[in-house]
Amino acid sequence: ELETSRLDARRKVELISFGSLLQARLSHELSGVLFLSSGLSSYLVVREGNLNRSEVEAILARLYDGSRYIRNIGIAVGYTLTYVYPVEGNEQAVGLYYPNVRAQWPDVKRVSESGKPALLGPMTLVQRGRGLIYRVPILIRGKYWGMLSTVIDANPLFADTFGKASSENVELAVRGRNALGMKGGVFWGEAGLFEQKDAELIDVDVPGGKWIIALRAKSLSMDESGVLRLRILVWVLAAFLGWGAYTLLVQRARLARMALFDQLTELPNRSLIEDRLSRAISIQRRNPSSLSALLFVDLDGFKSVNDRYGHRAGDAVLHGVAARAVRAVRDVDSVGRWGGDELIVVLENVDRRKIPELIERVRQAVETPIKFAGQLLKVGASIGSAIAPDDGDSAGDLIRLADRRMYEEKKRRKQRPGRREG
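This write-up is about the structure you can find in this document. (Residues numbered from 1 in each chain as written. Predicted model: local features only at pLDDT ≥ 70, side-chain atom pairs only at ≥ 80, totals over all residues. Heavy atoms only, no water.)

1. A closer look at the sheet that holds strand β12 (residues 342–347)
Spelled out, the test is: Here the rule is simple: two strands pair whenever DSSP picks up at least two bridges between them. Starting at the N terminus, helices and strands are each numbered in turn, a helix being any DSSP run of H or I of at least four residues and a strand any DSSP run of E of at least two. To get an axis, fit a line to the C-alpha atoms, keeping to the stretch in contact for a helix; angles then go from 0 to 180 degrees between the N-to-C directions. Here, two residues are considered to be in contact whenever any of their heavy atoms come within 4.5 Å of each other.
The strand order β11-β12-β10-β15 describes an open sheet built from four strands, whose pairing is antiparallel. Each of the sheet's edge strands pairs with one partner strand only, and the pair in question is β11 (334–339) and β15 (380–388). Across the sheet, the mean angle from the axis of one strand to that of its neighbour is 20°, orientation sign disregarded. Where strand β10 (residues 292–300) and β15 come together, nine bridges link them in antiparallel fashion. The residue of β15 that forms the bridge with Leu299 is Ala381. Sheet strands touched by helix α6 (residues 270–286): β10, β11, β12 and β15. Its angle to β11, the strand with the most contacts, is close to 135°. Running over the sheet, helix α8 (residues 311–328) touches β10, β11 and β12 and is turned about 150° from β11.

2. Focus on the sheet that holds strand β5 (residues 143–153)
Within the open sheet, the five strands sit side by side as β2-β1-β5-β4-β3. Their pairing is antiparallel. Each end of this open sheet is capped by a strand with a single partner; those strands are β2 (80–85) and β3 (118–124). Going from strand to strand, the sheet's axes swing by 25° on average, the running direction of each strand aside. Taken together, the seven bridges between strand β1 (residues 70–77) and β5 define a ladder with antiparallel strand orientation. Along β5, the bridge assignment pairs Ile75 with Leu148. The sheet strands contacting helix α2 (residues 53–65) are β1 and β2, and the helix crosses β1 at an angle near 150°.

3. Quick notes on the side chain of Arg337
Quick reminder of the rule: Polar contact is defined as a pair of N or O atoms within 3.5 Å, subject to the rule that within protein one atom must be able to donate a hydrogen and the other to accept it, and that residues adjacent in sequence are counted only when both atoms are side-chain atoms.
Note on placement: Arg337 falls in strand β11. A polar side-chain atom of Arg337 sits 2.9 Å from the main-chain carbonyl oxygen of Gly340. Filtering out sequence-adjacent residues up to four positions away, Arg337 remains in contact with Asp262, Leu264, Thr265, Leu267, Pro268, Asn269, Arg270, Leu318, Glu342 and Leu343.

4. As for the nonpolar core
Operational definition: Only buried residues count toward a nonpolar core. Its members are Ala, Val, Leu, Ile, Met, Phe, Trp, Tyr and Cys residues joined through side-chain atoms within 4.5 Å. Throughout this description, buried means an accessible area under 20% of the type-specific maximum (1.4 Å probe, protein chains only), exposed means over 50%, and partly exposed covers the range between.
One finds Leu40, Ile75, Trp211, Ile213 and Leu215 to be the most contacted residues of the largest nonpolar core, which totals 48 residues. Per element, the largest residue contribution to this core is ten residues, and it comes from helix α1 (residues 2–47). Once residues lying within four places of it in the same chain are set aside, the contact partners of Leu215 are Leu15, Phe18, Gly19, Leu22, Val170, Glu171, Leu172, Asp198, Ala199, Glu200 and Ile202. Core analysis: the next-biggest nonpolar cluster, separate from the first, contains 31 residues, Ala293, Val305, Ala325 and Leu377 among them.

5. Describing the environment of Ser292
Looking at where Ser292 falls in the secondary structure, it is placed in strand β10. As a C-alpha pair, Ser292 and Asp393 span 101 residues in sequence and 9.8 Å in three-dimensional space. Contacts of Ser292, omitting those with residues within four sequence positions, involve Ala280, Gln284, Leu347, Glu348, Asn349, Val350, Ala386, Ile387 and Ala388.

From the geometry alone we can't say anything about function, so treat these as descriptive.
Here's what the structure looks like:
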């Protein structure tokens, strides 16, 4: 009896260890999908509903390619599924109006009203098949705008995660449909396993709630060498999962940065710099005694550098000019790449008397020669400015006016004797 008791205790430890591995593996696989969604949700919030279809579809394609379990990604504006990638195989989901889908609408409504993400399902999809749906409500200025939905192929995910239980002489079942824990239905294995006294229950936290894994040993056949192999497996997988989690965090940060920052210059891209300009204008409206200003900068002679020395030299100039422009302005100001060889500088809460000084500092930073491959490369700077509220109280008005003034200055600079601009 003593030996039997020892074997039972050992088997229980083995079972809990195996369950912990399953828990870690499932969390790892889900994190790989959920992390990809966070960068896109940040992008949607920053854009405040002003979406460019080609830009959105490019981001969706990149995220879709980043995970083997994602079936499709969708963005609903309001409650209408407006963007779906890929369309092929998901045609029935395009244009879907959630209130018309009785099986999904109560949970969609619950998530949108709570403002918190949730992992729903598994469920039968409108476009056929079985899937989990990670729903992220998009709140703009505190109000519901739409929803990001990432559809995960449930069967391959579960097969990869739970499929080895049988070979390990383990009975396994999972419950918690719609992240409801013990209140949710069983969606893998036999429901009766949860009633067995010798079954071990392990919680798995998922967005919006939890799943419960039930495990039960089929037999007491594992010998000492099997225990040693399992322990080694635990150590190896623990190290692997730790590295995997770190890699996913790095990938998440990279994806979020790709959506908001220019890859060459590392400056905020057009979307993010527009957002910062809008925020500066909003601050100015709340404090009418303050001023915000916009500088639109175009690099004169940049095309000549590209034509004469090649695109690598042009990239070096853009990168160097960007870094110097950032150092030339104050910490509260923002420098972004508008496109091509154009930069935008947002000056927040600026003293009117300081604007000419800041313009000249930016000009000097841009026009300081940059050394590349033994050559000193030099470009000029045509700069147009606009001030809020003097010249307008919207980002679009300020950008258009500063752009026009920049071209007017470029024209004057070209007309100066002995000056050549490209």
